[in-house]
Amino acid sequence: MDSWVRVRGGGICGRPIQIVALDDGMDPSRQLGNMRKLNEQHKVLLAATILTVGVGDYVTRNKLPVLAMGGAIEPFSAEQPTVFPALGSAYQFTGAFIDGLMKAGVVKPGMKIGLLYDTEIFNLAPIHKELAAQWEKAGMKVVSLDPFNLSDGDCTSLVLKVRQAGIDYWDFQGFGWTLCVAAAQRQGWKPPAGWGGWTASSAYIPELAGPSADGVWHGGTRRWSPEYEQAMKRYHPEQAKVEADLGAPPAVGIWVLLEVMKQAIEKEGGDITREELTAFYHGLTELDWFGRKGPISFKPDCKDGTVPGPQSEFQMLQWIYNAQTKRFDRKPTNQFIPANPYIGKCDASKLASERY
């Protein structure tokens with residue numbers, strides 16, 4: 001069922017805002033149907049979605065600006081000029097995460113690495129070798145490079161494989177990691193240097209694995225504005241009770257890019273077209289991340305995403321299980337996730353245009 005939220009009290013430039021929410025259940029076929037409805041029936045100015053698999057061509061043809069979560073690399077393609085990723089791609093995150101782990105003393109050159117990658121939700125199959133190559137550039141050896149998805153169900157055999165390969169650290173590049181840490185716990189095993197990855201960063205994800213996710217590495221921000229916190233607690237009270245929920249990367253990334261939309265509308269005095277909004281995003285050279293400004297690009301052939309980057313202040317964190325709340329708390333380090341040192345500034349967009 002459709003749901004609407006009408007923001008009163010002036011909205012932007014004295015105009016109220018109507019938000020239309022449609023649930024696609026992470027199903028690409030439902031996603032396309034919903035995007036058609038948003039475009040043709042509701043005639044929205046801007047859409048937001050987790051993924052653009054199956055809708056990229058449609059929104060491009062209809063010149064519909066879309067905020068995508070990120071992670072997957074296809075939204076970074078120049079062939080999707082109206083899609084703006086709120087987060088970096090797996091290609092950008094990997095090297096940044098490696099560098100953060102090295103500075104935190106978790107991994108070091110000479111170690112053996114296992115890499116688990118998604119082929120369904122994010123479909124990293126076309127770039128999985130490029131992900132492994134970044135570990136090699138950092139002086140480590142990837143000895144197990146395996147596709148694994150939530151739909152695979154049982155990770156027992158994969159755990160046995162990586163154990164036999166003698167990995168020191170397991171890089172999680174898919175949500176199936178929750179099944180794997182649970183399977184590893186049943187076997188009484190854990191990689192000596194640990195495990196984790198960018199897919200472990202979102203709130204409520206570690207709860208899928210239960211206590212076995214204790215100690216999993218991820219990244220997140222601890223910087224946000226009072227307005228963001230108030231809005232989250234008002235509209236998503238169940239998802240904003242603890243700091244781990246408020247600091248979830250997709251939520252803060254989308255919030256920052258929605259602020260850009262607000263700036264664009266204010267610049268046009270309240271009257272703005274999709275083309276003008278798209279041009280505003282394309283013209284960004286600096287992004288304000290809750291008071292910390294840094295360079296950014298959303299040009300079709302050179303999309304950054306909000307993180308990882310110098311303005312986003314994403315820290316290296318670990319999930320710590322809280323037996324009382326049966327939720328996970330975040331244990332921060334003093335190490336921040338930097339821009340990826342192993343790839344060039346526009347390489348994600350180049351790779352996306354080549355592979356998708």
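Residues numbered from 1 in each chain as written. Predicted model: local features only at pLDDT ≥ 70, side-chain atom pairs only at ≥ 80, totals over all residues. Heavy atoms only, no water.

## Observations regarding the overall build of the protein chain
So the rule is basically this: The way it works is that DSSP assigns letters per residue, a run of H or I at least four long becomes a helix, a run of E at least two long becomes a strand, and they are numbered from the N terminus. Buried means the residue's accessible area, taken with a 1.4 Å probe over protein chains only, is under 20% of the maximum for its type, while exposed means over 50%, and partly exposed covers the values in between. Any two residues having at least one pair of non-hydrogen atoms within 4.5 Å are treated as being in contact. Residue exposure ignores everything except the shown protein chains as possible cover, and the areas themselves are Shrake-Rupley values with a 1.4 Å probe.
When helices and strands are counted, the protein chain shows 11 helices and 16 strands. Based on the C-alpha atoms only, the size of the protein chain along its principal axes is roughly 60 × 45 × 40 Å. Across the 356 residues in the protein chain, those meeting the buried criterion constitute 54%. Contacts in the protein chain between residues far apart in sequence, at least 24 positions, make up 64% of those at least 6 positions apart. On the protein chain, roughly 15400 Å² of surface is accessible, and the fraction owed to carbon and sulfur atoms is 52%.

## Quick look at the sheet that holds strand β5 (residues 83–85)
To keep it simple, the criterion reads: One requirement defines pairing of two strands: DSSP has to find at least two bridges between them. The angle between two axes is taken between their N-to-C directions and runs from 0 to 180 degrees, where each axis is a line fitted to C-alpha atoms and a helix contributes only its stretch in contact.
Read across the open sheet, the 3 strands follow the order β3-β4-β5; overall the sheet is parallel. Across the chains shown, the open sheet's two edge strands, defined by having one partner strand only, are β3 (47–49) and β5. Averaged over all adjacent pairs, the angle separating strand axes in this sheet is 25°, with direction ignored. Of the strand pairs in this sheet, β3 and strand β4 (residues 66–68) are connected by 3 bridges, and their pairing is parallel. Following the sheet pairing, Ala-48 is matched in β4 by Leu-67. Against the sheet, helix α9 (residues 249–267) makes contact with β4 and β5, and its axis sits at roughly 155° relative to β4, the strand it touches most.

## Description of the confidence of the model for the protein chain
Note the following rule: Per-residue confidence from the predictor is given as pLDDT, running between 0 and 100.
When the pLDDT values of the protein chain are averaged, the result is 91; 97% of them are 70 or greater. Low pLDDT, under 50, characterises residues 3–7; the stretch is placed with 18 contacts to residues that sit more than four places away or in other chains.

## Examining the pairing of strand β8 (residues 169–173)
Filter applied, for reference: A crossover counts as right-handed when, viewed with the strands pointing away from the observer, the path leading from the first strand over the helix to the second turns clockwise.
A large share of β8 lies buried, amounting to 5 of its 5 residues. On β8, burial covers both faces: Tyr-169, Asp-171 and Gln-173 on one face and Trp-170 and Phe-172 on the other are all buried. As paired strands, strand β6 (residues 112–117) and β8 are joined by 5 bridges and run parallel to one another. The residue bridging Leu-115 from the neighbouring strand is Asp-171, located in β8. Pairing between β8 and strand β9 (residues 194–196): 3 bridges, direction parallel. Bridged to Tyr-169 within β9 is Gly-194. Read from β8 through helix α6 (residues 177–186) to β9, the crossover connection turns out right-handed.

## Considerations on the state of the cysteines
Rule in force here: A pair of sulfur atoms, both from cysteines and within 2.5 Å, is called a disulfide here.
Counted according to the given criterion, the structure contains 2 disulfides. Put simply, Cys-155 and Cys-180 are joined by a disulfide, and their sulfur atoms are 2.0 Å apart. An S-S torsion of about 85° defines the bridge between Cys-155 and Cys-180 as right-handed. Separated by 25 residues along the polypeptide, Cys-155 in the loop between β7 (141–147) and α5 (156–165) and Cys-180 in helix α6 bring together distant segments of the chain. Assessed through its relative accessible area of 0%, Cys-155 is described here as buried. Two residues share a disulfide in this structure: Cys-302 and Cys-346, whose sulfurs sit 2.1 Å from each other. Between Cys-302 and Cys-346 the sulfur-sulfur dihedral comes to about -75°; the bridge is accordingly left-handed.

## Digging into the packing of aromatic side chains
The description of an aromatic ring pair rests on the distance of the ring centres and on the angle between the ring planes. The test is simple: Stacked, tilted and edge-to-face pairs are distinguished by plane angle, under 30 degrees for stacked and over 60 for edge-to-face with tilted covering the rest, among Phe, Tyr and Trp rings (Trp via its six-membered ring) whose centres lie within 6.5 Å. Over a ring means this: the NZ of a Lys or the CZ of an Arg is within 6 Å of the ring centre and within 35 degrees of the ring normal.
The tally for this structure, following the rule as stated, stands at 19 aromatic pairs. A centroid spacing of 4.6 Å and a plane angle of 20° characterise the contact between Phe-84 and Tyr-281, whose relative ring orientation is stacked. Here the residue Phe-84 occupies a position in strand β5, and Tyr-281 occupies one in helix α10 (residues 274–282), the gap between them amounting to 197 residues. Given the relative accessible area of 0%, Tyr-281 is considered buried. In this structure an aromatic cluster arises from ring pairing among Trp-224, Tyr-228, Trp-255, Trp-289, Phe-290 and Phe-314. One residue, Arg-327, lies across the ring of Tyr-204, its end atom 4.1 Å from the ring centre.

## Concerning the nonpolar core
Stated formally: Here, nonpolar core means buried Ala, Val, Leu, Ile, Met, Phe, Trp, Tyr and Cys residues that are tied together by side-chain atoms lying within 4.5 Å of each other.
One finds Leu-101, Phe-122, Trp-135, Tyr-169, Trp-170 and Tyr-281 to be the most contacted residues of the largest nonpolar core, which totals 94 residues. Residue contributions to this core peak at 8 residues, all from α9. Non-local contacts of Tyr-281, meaning those with residues more than four positions away in its chain, are made with Leu-46, Leu-67, Phe-84, Leu-257, Val-260, Met-261 and Phe-298. Of all hydrophobic cores here, the second largest spans 13 residues; its members include Met-35, Val-55, Ala-68 and Val-83.

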